[in-house]
2 protein chains.
Amino acid sequence: MNSKPSADPATLSYEQAGVNYDLIDPLKVAAQRAAAATAANLAGHGFTEVPASRGESAYVLDVGPFYLASIVECLGSKALVADEMSRLTGRSWYEGIAQDTIAMAINDLITVGATPLVVQAYWAAGGSDWFGDAARAQALVAGWKRACDVCGVAWGGGETPALTGIVEAGRIDLAASCTGLVNPKSRLTLGDKLGAGDAIVLLASSGIHANGLSLARKLVERLPQGYLTPLPSGRSYGEALLDPTTLYAPVTEALHRAGITPHYSANITGHGWRKLLRHPSTLTYRIHTAPPVPEVLAFIQREARQDDHEAYGTLNMGAGFALFVPAAEAQRTVEVARAQGVPAWVAGSVEAGPKRVVIEPLGVEFGGEELQLR
Amino acid sequence: MNSKPSADPATLSYEQAGVNYDLIDPLKVAAQRAAAATAANLAGHGFTEVPASRGESAYVLDVGPFYLASIVECLGSKALVADEMSRLTGRSWYEGIAQDTIAMAINDLITVGATPLVVQAYWAAGGSDWFGDAARAQALVAGWKRACDVCGVAWGGGETPALTGIVEAGRIDLAASCTGLVNPKSRLTLGDKLGAGDAIVLLASSGIHANGLSLARKLVERLPQGYLTPLPSGRSYGEALLDPTTLYAPVTEALHRAGITPHYSANITGHGWRKLLRHPSTLTYRIHTAPPVPEVLAFIQREARQDDHEAYGTLNMGAGFALFVPAAEAQRTVEVARAQGVPAWVAGSVEAGPKRVVIEPLGVEFGGEELQLR
């Protein structure tokens, strides 16, 4: 499932950063089997699941006049970077962290063609005192509201438990759930129309987003100045890591208004560009144009001594979201995204052939066996 | 908001058990205000929120042909009891813990009249190794599936992050999100029809459910045999604490099939019977029949030296869910619940008068100022 650790002992791979998928995967498989078996329960209510959404980024039900999509997503460890940067700079970074958390849920939900409608907040702190830092708490609230406004969703409510003994003292476990509708039903995007001849449009990322942070944090141990290490632009490594994740819902909603329905979408998160292999079809994804690499990701690649195969297979490397659209609509898709303030490129095309991604400018290739999500 | 600590220094109140609401509440108020302001975002999609659902147990949107309800809920600290009991007995208790987690979400969602349709799992472990205990992981999966089957919901998917540095090593932070529909719309239960003359039907709890566990855990420090202290029945304190939370969705769905639409519902969780004051109306709730107290709750009351005011204001004391129904349907409501295997009682009635709960058999009264949830 993951890239092999490189032979170079100086290379820092994702596994070395402490995430052991071999322990998690058997549980995931058991859970997926049990979950699939519960679909039959919907018949009692006169509804059905959309089976092709199993294994996709959001789960979809057919409730008659439209489809219902839902998801819960975790921020991950990015809050640890915010905590350390607060200690180093005296600033609160939780406004951006709030946006990151919402982005984790919304950028997945929209891949199926859903309009996100409601977000619920899950803020589980290591103790009541977490909420006693008023500046930090207010930043979290302000960032959460702003991200909801950007995405046009209602913030329905949520949970703010104090979980002493479960969440570590001084820390917070952040997650978001999101519910939306695919409306009209013709917006459903599960890849059944994906095929040779489609264009691949990549949308710019703002930086590392909220995946790859274990690696980014591990790297700090190698840097004499740690998070305050200056990047070429003069910004610090820590500050650049905390650039909030781009929210892509404004783009997908604008595409709908422009009459463009993608054949498929992929949120590029963990596993980097291997996520272009997400759909189960056997197709070749040939990339002729790679977006510019955000400074912070170029820095990580260099300092972690990753080759392009490792870097593009782990990090987003400048592409946060992929849209697979009819070739005739590729240029207009780019224009719609740019009008929403999101840089975009016609980056490649879908071809008949073995399941693989070919990044021609870099000479990198990922085979279908390098991404096993189902 | 909470009961005052008793003058008796031997009494163990909820505040003494370590939850400081004074630190959390300012954040909650700020979050509620910011969340309310996001409702306007729905207009862009042609939808509206149901304003009366703000402050209720689930958030409700009007999406045209039906209402959409959603929620995210945390298990809380009950998993810590399961961990300690695993250490003491060698058994895994996570099948029941899974049911508890789902119950936290579903028993809230159904209060608004929604049929729960989809549950998402949020299982955030302190490290990948949590999932390496196959028996425990399989119990969690099996219990989760079983609870979904009991409630007639589809398990859509979820998140199983390993959050080293955020969640404590060896621990797991469990939560569930749930989405449902109020369908037909006439099932919406937000209390607009609640009034004098309604009957109060109480549904039996199975024990402590998943609220009050901080108190229950604190109490262990006073018990020489700890969790293995035998209760009068011979069962241990720890085992009784881990009785899984009753799932009430089968009752609310059966009521719908029987043509009974409650005027209001309340899930009795934290704050105990003060939750009977949940609706903003100024009404008196007079209880003439209190359900039998589960052995484990009687034990906690006695050992924590709580008077009835403190105990009924903190724990469910045998009543896990309250239905406020037209008096003419009270007896049939009880019969429908019993037919689903849930003991139920016509326990009292709603009267004109000041906002208060009067538990006549116990001489206990809670005023409206004793529950401030909004």
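Definitions and limits used
For every chain, the first residue of its written sequence is number 1, and the numbers climb from 1 along that sequence. The naming scheme follows written order: chains are lettered A onward, ligands numbered 1 onward. Residues qualify for local features only when their pLDDT is at least 70, as the model is predicted, and side-chain atom pairs are given and counted only at 80 or more; totals for whole chains, interfaces and linings, by contrast, use all residues. Side-chain measures were taken over the full set of non-hydrogen atoms in the model, leaving aside hydrogen atoms and water. UniProt positions are given in the numbering used here, feature names are shortened, and annotations may be inferred rather than shown by experiment. Helix numbers and strand numbers start at the N terminus; a helix is a DSSP run of H or I with at least 4 residues, a strand a run of E with at least 2. In protein, a polar contact requires one atom able to donate a hydrogen and another able to accept it; more generally it is a pair of N or O atoms within 3.5 Å, and residues adjacent in sequence count only if both atoms are side-chain atoms. Only heavy atoms matter for contacts: two residues are in contact if any of them lie within 4.5 Å across the pair. Geometry is summarised by axes, namely lines fitted to C-alpha atoms with helices restricted to the contacting stretch, and by angles between N-to-C directions that run from 0 to 180 degrees. Any angle between 65 and 115 degrees counts as roughly perpendicular, while under 35 counts as roughly parallel, over 145 as roughly antiparallel, and the rest as oblique. Crossing handedness is defined as follows: a turn of the near helix away from the far one that is anticlockwise and smaller than a right angle gives a left-handed crossing, while the clockwise case is right-handed. Residue polarity follows a fixed list, in which Ala, Val, Leu, Ile, Met, Phe, Trp, Tyr, Cys and Pro are nonpolar, Asp, Glu, Lys and Arg are charged, and the others, Gly among them, are polar. Cysteine sulfur atoms are paired as a disulfide whenever they come within 2.5 Å of each other. With a 1.4 Å probe rolled over the protein chains alone, any residue whose accessible area is under 20% of its type maximum counts as buried; one over 50% counts as exposed, and the rest are partly exposed. Read the arc as the range of directions from the helix axis to the C-beta atoms. The domain limits used here are those given by an automatic or database domain assignment. Here the quantity called buried area is the accessible surface, traced with a 1.4 Å probe, that two parts lose on coming together, added over both. A pair is scored as a salt bridge if a Lys or Arg side-chain nitrogen falls within 4 Å of a carboxyl oxygen belonging to Asp or Glu. Grid spacing is 1 Å over the protein atoms alone, the probe is 1.4 Å, and a cavity is where that probe fits but cannot get out, while a pocket is an open set with protein on both sides within 12 Å along at least five of seven lines and lining residues have an atom within 4 Å of a point. Grid points are joined across faces, edges and corners, and a volume is the space filled by probe spheres set on the points. A least-squares superposition brings the copies together, and it is based on the C-alpha atoms of residues with pLDDT no lower than 70 in both. The rule is short: rings of Phe, Tyr and Trp, with Trp giving its six-membered ring, pair when the centres are within 6.5 Å, and they are stacked under 30 degrees, edge-to-face over 60, tilted in between.

A word on the UniProt feature "domain: PurM-like N-terminal" (unreviewed entry) in chain A
Alright, step 1. In the numbering used here, UniProt assigns the "domain: PurM-like N-terminal" (unreviewed entry) feature to residues 55–182 of chain A.
Alright, step 2. End-to-end, the C-alpha atoms of residues 55–182 of chain A are 18 Å apart, and along that stretch the chain is 36% helix and 31% strand.

Some details on the side chain of E49 of chain B
All names here are of chain B.
Alright, step 1. By secondary structure assignment, the location of E49 is in strand 1 (residues 48–49).
Alright, step 2. There is a polar contact of 3.0 Å between the side chain of E49 and the side chain of R54.
Alright, step 3. Side-chain polar atoms of E49 contact the side chain of Y59, separated by 2.5 Å.
Alright, step 4. If we ignore the near neighbours within four places in the chain, the residues touching E49 are A39, L42, R54, Y59, V60 and L61.

Let's talk about the packing of helix 3 (residues 94–109) of chain A against helix 4 (residues 134–151) of chain A
All names here are of chain A.
Alright, step 1. Where helix 3 contacts helix 4, the two axes come as close as 7 Å, and the packing angle between them is 40 degrees. Judged on the interaxial angle alone, helix 4 and helix 3 are oblique. Here helix 3 runs over helix 4; the crossing is right-handed. Together, Y94, E95, A98, Q99, T101, I102 and I106 of helix 3 and R136, A139, L140, A142, G143, W144, R146, A147, C148 and C151 of helix 4 make up the contact between the two elements.
Alright, step 2. Split by residue class, the contact of helix 3 with helix 4 holds 11 nonpolar, 3 polar and 3 charged.

Digging into the packing of helix 2 (residues 78–89) of chain A against helix 3 of chain A
All names here are of chain A.
Alright, step 1. Their axes nearest at 10 Å, the elements helix 2 and helix 3 cross at an angle of 175 degrees. Put simply, helix 2 runs roughly antiparallel to helix 3. Here K78, A79, A82 and D83 of helix 2 come into contact with helix 3, specifically with Y94, I97 and D100.
Alright, step 2. Considered class by class, the residues forming the contact of helix 2 with helix 3 number 4 nonpolar, no polar and 3 charged.

Side note on the state of the cysteines
Residues and elements named next belong to chain A.
Alright, step 1. Summed over all chains, the structure comprises 0 disulfides over all chains.
Alright, step 2. Left without a disulfide partner, C151 is nearest to the cysteine sulfur of C148, which lies 7.5 Å away.
Alright, step 3. Given a relative accessible area of 5%, C151 falls into the buried group.

Structural notes on helix 10 (residues 330–339) of chain B
Residue and element names in this part refer to chain B.
Alright, step 1. Within the sequence span of helix 10, burial applies to A330, T333, V334, V336 and A337. Buried residues of helix 10 fall within an arc of 165 degrees about the axis and therefore sit on the same side.
Alright, step 2. Where the residues of helix 10 are buried, they touch strand 7 (199–204), helix 7 (249–257), strand 10 (319–325) and strand 11 (344–351).
Alright, step 3. Downstream of helix 10 by one or two residues, G341 has phi in the positive range, about 85 degrees.

What about the domain arrangement of chain A?
Size of an interface, as often reported, equals the accessible area lost when the parts are brought together.
All names here are of chain A.
Alright, step 1. Domain boundaries in chain A define domain 1 (47–184) and domain 2 (199–370).
Alright, step 2. Using only C-alpha atoms to locate each centre, domain 1 and domain 2 end up separated by 21 Å.
Alright, step 3. If you look at the interface, domain 1 gives 33 residues, while domain 2 gives 32 residues.
Alright, step 4. Of all residues in domain 1, K78, V81 and N107 bury the most surface against domain 2, accounting for 22% of the area lost on that side.
Alright, step 5. At the surface where domain 1 touches domain 2, the tally comes to 0 salt bridges.
Alright, step 6. If you list the elements that add at least two residues to the side of domain 1 that touches domain 2, you get helix 2, helix 3, strand 4 (115–125) and helix 4.
Alright, step 7. Looking at the side of domain 1 that touches domain 2 element by element, the count peaks at 10 residues for helix 3.
Alright, step 8. Here the residues of the side of domain 1 that touches domain 2 are counted per class, giving 19 nonpolar, 9 polar and 5 charged.

Digging into empty space enclosed by the protein
Residues and elements named next belong to chain B.
Alright, step 1. One pass over the full model with this rule turns up 6 cavities of 30 Å³ or more.
Alright, step 2. By volume, the largest cavity amounts to about 110 Å³.
Alright, step 3. Surrounding the largest cavity, 13 residues form its lining, G113, R187, T189, T252 and P262 being those nearest its centre.
Alright, step 4. Of all the elements, helix 7 adds the most residues to the lining of the largest cavity, at 3 residues.
Alright, step 5. Tallied by class, residues from the lining of the largest cavity come to 6 nonpolar, 6 polar and 1 charged.

Focus: the relation of the copies chain B and chain A
Alright, step 1. When chain B is fitted to chain A, the residual RMSD is 0.0 Å, and the transformation amounts to a turn of 180 degrees plus an axial shift of 0.0 Å. Accordingly, the operation relating the two chain copies is best matched by a two-fold axis. Using C-alpha coordinates, one finds that chain B approaches the rotation axis most closely at V167 of chain B, a distance of 2.1 Å.
Alright, step 2. Both copies present the same face, since 100% of the interface residues in chain B are matched by interface residues at the equivalent positions in chain A.

Things to note about the packing of aromatic side chains
Residue and element names in this part refer to chain A.
Alright, step 1. Tallying each qualifying case throughout the model produces 24 aromatic pairs over all chains.
Alright, step 2. Look at Y94 and W130: their rings are 5.3 Å apart centre to centre, the planes differ by 75 degrees, and that puts the pair in the edge-to-face class. Highlighted residues: Y94 in helix 3 and W130 in the loop between strand 4 and helix 4, separated in sequence by 36 residues.
Alright, step 3. With a relative accessible area of 0%, Y94 lands in the buried category.
Alright, step 4. According to the relative accessible area criterion, W130 is buried, its value standing at 1%.
Alright, step 5. Between W123 and W144, the ring centres sit 5.3 Å apart and the planes meet at 80 degrees, which makes this aromatic pair edge-to-face. Pair noted here: W123 is in strand 4 and W144 is in helix 4, with a separation of 21 residues, a long-range link.
Alright, step 6. The buried category is assigned to W123, whose relative accessible area is 1%.
Alright, step 7. Classification of W144 as buried rests on a relative accessible area of 0%.
Alright, step 8. Ring pairs connect the aromatic residues Y94, W130 and F131, which therefore count as one cluster.

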